[in-house]
Amino acid sequence: MSELTWGIVGLPNVGKSTLFNALTQKGVSSENYPFCTIDPNIGVVLLEDKRLIDLSKASKSKQIIFAPVSFVDIAGLVKGASVGEGLGNQFLANIRESDAIVQVVRCFEDDNVVHVSGKIDPLDDVEVINLELILSDLQTMEKIHARLSKQKKGKKEDDLFLVVAEKCLNHLNQNLPLRSLELTEEEETFFKTHNFLTKKKILYVANVSENDLPAMENAYVKRLQEYAEQQGSKVVPICAKLEAEISQLSKEEAQDFLNSLGLQESGLQRLTRAAFELLDLITFITTGEIETRAWTIKKGTNAASAAGEIHTDIEKGFIRAEVISYEDMIEYGSRVKAKEAGKARMEGKDYIVQDGDVILFHHS
C-alpha cells in the first residue's frame, strides 16, 4: 500500500507541534499562541523494527529500509471551523487527505501555557474537534444527498447510495461519527467514492507533563481512556516535551535517558505500534545483500497482492512465495540454511501473509 499519512489534529496549544517536532525532528514553530502552524507541515517517520536490523546482519545487507509513515501537523482547530472560523475549511481539507487521525489532547496543567477555552477539560476538547468534523461531513453529505435525489433514475446502485446517504444524514444529525454507523458490506461501497472525515479511524494522544512520568497516568488521562474505549478507539499517553528532548539525543543516549526515567521505549514507538494496530496493518520483509526492507500491508492480504506491493509485474507473473519465519531466519543465519533445515514453505497466491514473514517471491 502507499505510504500512510496521519493527520495530527487538536485545539491550539495542546502540544501538537511539539509532538510533531519529536516525531520528525523538524524545526516546526510551537510558540505559545493559536495558529502558529499556518501551513500543514509534513514529516516522514521511518518505523524502526529490530527484526530488520537482525535480518540485515544475517543477509549482510547494504541498507535497511523501514516502513515509512507521514505525519501532517495541521493547525489548531477551533469551535466554528466547519463554517470558516479560525483557519476553517482549509485545514479540514488537510485532514480529509489523511488516512487516519491522531488527535492530541491536553492532559496536563500549566499556568504558563494558555488554553484556548480557558480551562483544562480533555473530553470537552475532544467533543469540540469531533463536532467540527461531524458538521463538515454533514455539509458534504447534504450536497451528495441532494445530488443523488435529483439524479435518481431507478438504477439499483443509485437507489442504494441514496438510502446510504439518508442513513448517514440521520446518523450525523445525532452528532455521531460515520465510523460508528453500522452498514452492510454492500452499503459500505458508498465510501469507495466518497471521503468523509468522521469515517476515518482516530487515535487519541494524551499529552501529559513530566510530573506524570513514568506511569503517564492522571485523572485527565483516565477520563479520556474511558471515553475512547466507549468509542472503540485507543489512547496513547505521551509526554510531548520529553519526546522533543530525546529526539535530540543519539539512540544510545535516548535509551539511557528513557531507562533512567523508568521507561522502556519512546512515545514514538508506542504511538506507531498503536497506529498500526488500529488500522489492522502488518509488515512482511524481504532481505538480501542489496537491502532488507519492510513492506506495509493490510492484515488478511494474500501473497499475490503482497507481491504487487513490490511491483505489479511480480503480482502478474506470480508463481509462488517462499516463506520463512523471522525466528527461523535468525536461528539458522541465512535463507539457504533455513531451507536446508526444512523451514521454508512454498505458498500459493491465496496464502494469507503473516506479520514478520520473510518472503522471496518467484515470478515469471
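Residues numbered from 1 in each chain as written. Predicted model: local features only at pLDDT ≥ 70, side-chain atom pairs only at ≥ 80, totals over all residues. Heavy atoms only, no water.

## A few points about the side chain of threonine 286
At step 1: Along the chain, the position of threonine 286 falls in strand β8 (residues 281–287).
At step 2: A polar side-chain atom of threonine 286 sits 3.0 Å from a polar atom in the side chain of tryptophan 295.
At step 3: Those residues in contact with threonine 286 that lie beyond four places of it in its chain are Glu291, Thr292, Arg293, Trp295, Ile310 and Ile359. (Helix = DSSP H or I, 4+ residues; strand = E, 2+ residues; numbered from the N terminus. Polar contact = N/O pair within 3.5 Å; in protein donor to acceptor, adjacent residues only side chain to side chain. Contact = heavy atoms within 4.5 Å.)

## Concerning the packing of aromatic side chains
At step 1: Taken as a whole, this structure holds eight aromatic pairs when the rule is applied.
At step 2: Ring geometry for phenylalanine 161 and phenylalanine 190: centres 5.5 Å apart, planes at 85 degrees, overall edge-to-face. Here phenylalanine 161 is found in helix α5 (residues 156–172), whereas its partner phenylalanine 190 is found in the loop between α6 (185–188) and β6 (202–207), with 29 residues between them in sequence.
At step 3: A residue is classified by how much of its surface remains accessible, and phenylalanine 161, at 11% relative accessible area, is buried.
At step 4: An angle of 15 degrees between the planes, with centres 6.3 Å apart, marks the rings of phenylalanine 284 and tryptophan 295 as stacked. Here the residue phenylalanine 284 occupies a position in strand β8, and tryptophan 295 occupies one in strand β9 (residues 291–298), the gap between them amounting to eleven residues.
At step 5: Classification of phenylalanine 284 as buried rests on a relative accessible area of 0%.
At step 6: Accessibility expressed as a relative area gives 11% for tryptophan 295, which makes it buried.
At step 7: One Lys or Arg, lysine 199, reaches over the ring of phenylalanine 191 and ends 4.4 Å from the middle of that ring. (Phe/Tyr/Trp six-rings, centres within 6.5 Å; stacked < 30°, edge-to-face > 60°. Buried < 20%, exposed > 50% of the residue type's maximum accessible area, 1.4 Å probe, protein only. Lys NZ or Arg CZ within 6 Å of the ring centre and 35° of its normal.)

## Description of the pairing of strand β1 (residues 4–9)
At step 1: The buried fraction of β1 amounts to six of the six residues, a majority that puts the element mostly inside the structure.
At step 2: Of the pairings in the sheet, the one linking β1 to strand β4 (residues 67–73) comprises five bridges and is parallel in character. Note on β4: the bridge partner recorded for glycine 7 is valine 72.
At step 3: Across four bridges, β1 lies against strand β5 (residues 100–106) in parallel orientation. In the strand pairing of β5, tryptophan 6 is matched with alanine 100. (Pairing = 2+ DSSP bridges.)

## Focus: the nonpolar core
At step 1: Residues Trp6, Phe71, Ile95, Cys107, Leu203, Tyr204 and Leu224 are the most contacted members of the largest nonpolar core, which totals 58 residues.
At step 2: Residues Leu138, Phe161, Leu181 and Phe190 belong to the second largest nonpolar core, which totals 19 residues. (Core = buried A, V, L, I, M, F, W, Y, C linked by side-chain atoms within 4.5 Å.)

## Concerning the side chain of threonine 301
At step 1: Within the secondary structure, threonine 301 sits in the loop between β9 and α11 (303–310).
At step 2: When neighbours within four sequence positions are excluded, threonine 301 is seen to be in contact with Ala306, Tyr351, Ile352 and Val353.

## Notes on the pattern of salt bridges
At step 1: In total, this model carries 16 salt bridges according to the counting rule given.
At step 2: Between arginine 96 and aspartate 137 there is a salt bridge; the shortest N-O distance is 3.9 Å. In this pair, arginine 96 sits in helix α3 (residues 88–96) while aspartate 137 sits in helix α4 (residues 122–151), placing the two residues 41 residues apart along the sequence.
At step 3: The exposure class of aspartate 137 is buried, given its relative accessible area of 0%.
At step 4: The shortest N-O distance in the salt bridge between lysine 167 and glutamate 187 comes to 2.6 Å. Residue lysine 167 is located in helix α5, and its partner glutamate 187 is located in helix α6; the two are separated by 20 residues in the primary sequence.
At step 5: A relative accessible area of 33% means that lysine 167 is categorised as partly exposed. (Salt bridge = Lys/Arg side-chain N within 4 Å of Asp/Glu carboxyl O.)

## Side note on the confidence of the model for the chain
At step 1: Taken residue by residue, the chain gives an average pLDDT of 87. The fraction at 70 or more is 88%.
At step 2: Low pLDDT, under 50, characterises residues 84–88; the predicted model gives this stretch nine contacts beyond four residues in sequence or across chains. (pLDDT = per-residue confidence, 0-100.)

## Quick notes on unusual backbone geometry
At step 1: Following leucine 213, the chain continues into proline 214 via a peptide bond in cis, with omega recorded as 0 degrees.
At step 2: Relative to the assigned elements, proline 214 resides in the loop between β6 and α7 (219–231).
At step 3: Even without being a glycine, asparagine 13 presents a positive backbone phi close to 65 degrees.
At step 4: For asparagine 13, a relative accessible area of 15% translates into the label buried.
At step 5: Residues other than glycine seldom take positive phi values, yet lysine 60 does so here, at roughly 55 degrees.
At step 6: One can find lysine 60 in the loop between α2 (50–59) and β3 (63–65).
At step 7: Taking the relative accessible area as the measure of exposure, lysine 60 reaches 67% and is therefore exposed.

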